[in-house]
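Results of the structural survey
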Amino acid sequence: METPIGRLEVSVDGVGPAAVLMHSLFVDSRSWDRVRGRLASERTLVAITAPGHGPSGDPGRTYSIHEIAAAALGILDGLAAEKRIPPGPADWVGNALGGHAGILAAAHYPERIRSLITLGAPVQAPTLPFRLQEAAILPARALMGMTGWLRQAIVSVLLSERTRAHDPEAVGYVEECLTASDPRLLGRAIRSLAVRRPDLTGLLPRITAPTVFATGTEHNSWPPELAAEAARLLPHGTAVALPHAAYLLPLEVPEETAQLILRHWSAAEARPERIHTSTQDAGSGTDS
């Protein structure tokens, strides 16, 4: 579908109210494949591939996460006009980059977001060393693409030690995404969405939708204690830590992730006013 930030790949499947699925930086909408079947029985899933990823284009310039959030809502409007999804607010499930866009959508367009789940999406801005490192690496990456050592470094950050050791399909998928990416488009995405990502902490008190901040216990930038601290700033917030995962929760721990999402949707529908802040592990689920 055409958007102000390029032509973006969109897939629609399932039944019931609409739910946005948006993936992490470096991968694409296939990262939801292991949970899609479970979720599609409860929601009409609108999976959006972000600019610079998969077959999606980009605007030929740097862009912001806020622009991605606005583009996603425009996509929902277009699909509703075509009667491909039901009208009304949507649930938003976002992994890393997709979670950042969900936070912006929920904060700035609260009437559009029924519930929010972020997976491995730190709210603090990137550190200065990270910004300087990426500024130094980006030109070389644009010229050479994803070299072997760089692919391995990114895989080691995105996936937990257990996933790397025991899930060759997940490792192969991430490596394929990195190898197949257009260096120019991915470089712009990294510059726009990682290096220039703002601190989102100040937006959290504005989010009125029932929200879960989930993270993997091996996520080195978003440990459970930081997720819990951020969740306490939300009017209706919960923090959850899923063991044996890093960034890509839907890929690494799909069963636990699907259960978490379905429980949150059910709790948000049944008694949203009672959702409050807590931190739990995957075995006990969200608090409501």
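Computed from a predicted structure; not experimentally measured.

**What about the packing of helix H1 (residues 33-40) against helix H11 (residues 254-270)?**
- Two elements in contact, H1 and H11, have axes separated by 9 Å at closest approach and are oriented at 30°. Crossing of H1 against H11: the hand is right-handed. Where H1 abuts H11, its residues Arg34, Val35, Arg38 and Leu39 lie against Pro254, Glu255, Thr257, Ala258, Gln259, Ile261, Leu262 and Trp265.
- Here the contact of H1 with H11 is built from residues that sort into seven nonpolar, two polar and three charged.

**Overview of the packing of helix H2 (residues 65-81) against helix H3 (residues 97-108)**
- Axis separation between H2 and H3 bottoms out at 8 Å; the angle between their running directions is 75°. Comparing their axes, H3 and H2 come out roughly perpendicular. On H3, the residues touching Ile65, His66, Ile68 and Ala69 of H2 are Leu97, His100, Ala101, Leu104, Ala105 and His108.

**Brief notes about H3**
- The first and last C-alpha atoms of H3 sit 17 Å apart over twelve residues, in line with the 16 Å expected at 1.5 Å per residue.
- Where H3 is concerned, the buried positions are Leu97, Gly98, Gly99, His100, Ala101, Gly102, Ile103, Leu104, Ala105, Ala106 and Ala107.
- Contact partners of the buried residues in H3: strand E4 (18-22), H2, strand E6 (90-95), strand E7 (113-119), helix H8 (183-195) and strand E8 (211-216).

**Section: the packing of aromatic side chains**
- Under the definition given, this model contains one aromatic pair.
- Here the aromatic rings of phenylalanine 213 and tryptophan 222 are separated by 6.2 Å at their centres, their planes lie at 65°, and the arrangement is edge-to-face. Accessibility assignment for this pair places phenylalanine 213 and tryptophan 222 in one class, buried.

**A few points about the pattern of salt bridges**
- The final tally for this structure, using the stated rule, is 16 salt bridges.
- The salt bridge involving arginine 30 is made with glutamate 176; its shortest N-O contact spans 3.2 Å. Of this pair, arginine 30 sits in the loop between E4 and H1 while glutamate 176 is found in helix H7 (residues 168-180), placing the two residues 146 residues apart along the sequence.
- Note that arginine 184 and aspartate 182 form a salt bridge whose closest N and O atoms lie 3.3 Å from each other.
- Assessed through its relative accessible area of 28%, aspartate 182 is described here as partly exposed.
- Within this structure, Arg43, Asp91, Arg114 and Glu269 form a network of salt bridges that share partners.

**With respect to the confidence of the model for the protein**
- In the predicted model, the protein carries a mean pLDDT of 89, and the fraction of residues at 70 or more is 86%.
- Here residues 272-288 is a poorly scored stretch, pLDDT under 50, and it has 52 contacts once near neighbours within four places are set aside; other chains count.

Criteria and cut-off values
- Residues numbered from 1 in each chain as written.
- Predicted model: local features only at pLDDT ≥ 70, side-chain atom pairs only at ≥ 80, totals over all residues.
- Heavy atoms only, no water.
- Axes fitted to C-alpha atoms, helices over the stretch in contact; angles between N-to-C directions.
- Helix = DSSP H or I, 4+ residues; strand = E, 2+ residues; numbered from the N terminus.
- Left-handed = near helix turned anticlockwise from the far one by under 90°.
- Contact = heavy atoms within 4.5 Å.
- Nonpolar A, V, L, I, M, F, W, Y, C, P; charged D, E, K, R; others polar.
- Parallel < 35°, antiparallel > 145°, perpendicular 65-115°, else oblique.
- Expected span 1.5 Å × (residues − 1).
- Buried < 20%, exposed > 50% of the residue type's maximum accessible area, 1.4 Å probe, protein only.
- Phe/Tyr/Trp six-rings, centres within 6.5 Å; stacked < 30°, edge-to-face > 60°.
- Salt bridge = Lys/Arg side-chain N within 4 Å of Asp/Glu carboxyl O.
- pLDDT = per-residue confidence, 0-100.

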